[in-house]
Structure formats: structure tokens, C-alpha cells
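# Understanding the architecture of this molecule
The lines below spell out each chain.
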Amino acid sequence: QVQLVESGGGLVQAGGSLRLSCVASGRTFSSYAMGWFRQAPGKEREFTAAITWSGGSTSYADSVKGRFTISKDNAKKTVYLQMNSLKPEDTAVYYCAERASAFGPYNYWGQGTQVTVSS
């Protein structure tokens, strides 16, 4: 079992920044990568960014490239999502998730943190 706890969401004006954190605990020794996903009202959950624990390889959705940065602190078992130049369309509940292999599913999810960007 892996437990994930997100924090850092809030209300921000368009153009502003927020940094989300996700702390992992439990069976993290076999974790391969962490991802951030988001779900806006009335929409399906979508991939935002991901990072591997070993090597720190990253990937991003086109909609956030150049504005969001995912990073990690292995010692703290924490993954971050730095969000800059926020837009109203970034408003969503943001979830972190864990996958145990490169091609496996994301099996564990946090409870989510709300990000609201006002225009």
C-alpha cells in the first residue's frame, strides 16, 4: 500500500503561481514514478505531468509545458508541481498518483487538492 497526501492548492489570480506537494508513505521502495493529474468540473481527469524516482525523467501535457515544472525530493518522498503563469482553465482538483512500473497503471491516488484560478 502507498499513501499519498497532496497539499498546496488554493485560490490565485490569473498569471500567478502555486506549488503543490505530494508526500508518499508506505510501500514506496518499489515505486517507479509519480504523476500529477487534474480534473475540472464536468470534465474527465487528465494527465498533467510525471517524473520517475530514479533519474528524474519528466513528461508533461502540452497544455502545461513551459508553465509547470514537476520535481522530486527522494529523501522526503515528496513530489512537487510548480505552476506558473496560471490560467483560469487550470482550475481543477489536482491529484498525485503512483505507478510501480514504466508501463503499468497508476494504482494509488491522493485525495486531491483544489486549485482555483480567477480571471
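Below, the structure is looked at part by part. Quantities reported herein were computed from a predicted structural model and do not represent experimental measurements.

### Concerning the side chain of T78
- Relative to the helices and strands, T78 resides in strand β8 (residues 78-83).
- Here the side chain of T78 touches K76 through a polar contact of 2.8 Å, landing on its backbone oxygen.
- With sequence-adjacent residues up to four places away left out, T78 is seen in contact with S21, C22, V23, W53, S71, K72 and D73.

### Details of the pattern of salt bridges
- One pass over the full model with this rule turns up four salt bridges.
- Note that R38 is salt-bridged to E46, the shortest N-O span being 2.7 Å.
- R38 sits in the buried class, given a relative accessible area of 6%.
- Residue classification places E46 among the partly exposed residues on the basis of a relative accessible area of 36%.
- Of the charged contacts, one joins K65 and D62 as a salt bridge, the two residues approaching to 3.2 Å between their closest N and O atoms.

### With respect to unusual backbone geometry
- Even without being a glycine, K77 presents a positive backbone phi close to 50°.
- Structurally, K77 is set in the loop between β7 (68-73) and β8.
- In the Ramachandran plot, S85 falls in the positive-phi region, its phi being about 50° despite a non-glycine side chain.
- Relative to the assigned elements, S85 resides in the loop between β8 and β9 (92-99).
- By relative accessible area, which is 42% here, S85 ends up partly exposed.

### Thoughts on the packing of aromatic side chains
- Counted according to the given criterion, the structure contains four aromatic pairs.
- Ring geometry for F37 versus F47: centroids 5.7 Å apart, planes at 75°, classification edge-to-face. Linking F37 in strand β4 (residues 33-39) with F47 in strand β5 (residues 46-52), this pair joins segments that are ten residues apart in sequence.
- Here the aromatic rings of Y106 and W109 are separated by 6.3 Å at their centres, their planes lie at 55°, and the arrangement is tilted.
- Looking at Y106, the relative accessible area reads 15%, which means it is buried.
- Clustering of aromatic rings is evident, with ring pairs tying together F37, F47, Y106 and W109.

### Here's the deal with the pairing of β4
- Counting buried residues along β4, six of its seven residues qualify, which places the element largely inside the surrounding structure.
- Both β4 and β5 contribute to a ladder of six bridges, which runs antiparallel. Bridge pairing in β5 places G35 opposite A50.
- The antiparallel pairing of β4 with β5 creates a hairpin that spans six residues between the two strands, and G42 there sits at a positive phi of about 75°.
- Where β4 lies against β9, seven bridges are found, and the strand directions are antiparallel. Bridge pairing links A33 to R99 in β9.

Reading the values: rules and limits
Residues numbered from 1 in each chain as written. Predicted model: local features only at pLDDT ≥ 70, side-chain atom pairs only at ≥ 80, totals over all residues. Heavy atoms only, no water. Helix = DSSP H or I, 4+ residues; strand = E, 2+ residues; numbered from the N terminus. Polar contact = N/O pair within 3.5 Å; in protein donor to acceptor, adjacent residues only side chain to side chain. Contact = heavy atoms within 4.5 Å. Salt bridge = Lys/Arg side-chain N within 4 Å of Asp/Glu carboxyl O. Buried < 20%, exposed > 50% of the residue type's maximum accessible area, 1.4 Å probe, protein only. Phe/Tyr/Trp six-rings, centres within 6.5 Å; stacked < 30°, edge-to-face > 60°. Pairing = 2+ DSSP bridges.

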